[in-house]
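Structural characterization, general
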Amino acid sequence: MQDKQRVEQLIGDLIGHVAKTHVQTKENEDELKHLRLKVAQLESYNKYLYEHNEKLDKRVTNLEQISERIKSGTLQKA
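Report follows, based on the coordinates. (Residues numbered from 1 in each chain as written. Predicted model: local features only at pLDDT ≥ 70, side-chain atom pairs only at ≥ 80, totals over all residues. Heavy atoms only, no water.)

A word on the overall build of the chain
A tally of regular secondary structure across the chain gives one helix and zero strands. Considering the chain as a whole, with its 78 residues, one finds that 0% of them fall into the buried category. For the chain, the exposed area adds up to about 7800 Å²; of that, 57% sits on carbon and sulfur atoms. Where the 14 positive side-chain charges of the chain centre and where its 13 negative ones centre are 9 Å apart. (Helix = DSSP H or I, 4+ residues; strand = E, 2+ residues; numbered from the N terminus. Buried < 20%, exposed > 50% of the residue type's maximum accessible area, 1.4 Å probe, protein only. Areas by Shrake-Rupley, 256 points an atom, 1.4 Å probe, with all protein chains shown as cover. Lys, Arg positive; Asp, Glu negative; His and termini not counted. Charge placed at Lys NZ, Arg CZ, Asp CG, Glu CD.)

Spelled out as structure tokens, the structure:
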């Protein structure tokens, strides 16, 4: 009789452990999905910043060239 109660207790403990593990796994999966979404957002924003930075670099280069032309007298000031 005592062995049967012990087996029932162990089975109950095992079921509780499996349920707890399942909940933790679900929470980890949800967190992983959230982190993947954040990474995708950051990658998208990084792409935007990179493209914007390239445009700014081109504008700065053009302005530097115009400035050099003005200084050398090859371009008339407006």
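Some words on a nonpolar patch on the surface
On the surface, V7, I11 and I15 cluster together into a nonpolar patch covering about 280 Å² of accessible area. Among the structural elements, V7 can be located in helix α1 (residues 2–72). (Patch = residues over 30% accessible without salt bridge, like charges linked within 9 Å, V, L, I, M, F, W, Y side chains within 5 Å. Salt bridge = Lys/Arg side-chain N within 4 Å of Asp/Glu carboxyl O.)

Considerations on α1
Counted at 1.5 Å a residue, the expected span for α1 with its 71 residues is 105 Å, and the 102 Å between its end C-alpha atoms agrees. Looking one or two residues past α1, G73 carries a phi angle of roughly 85°, positive in sign. (Expected span 1.5 Å × (residues − 1).)

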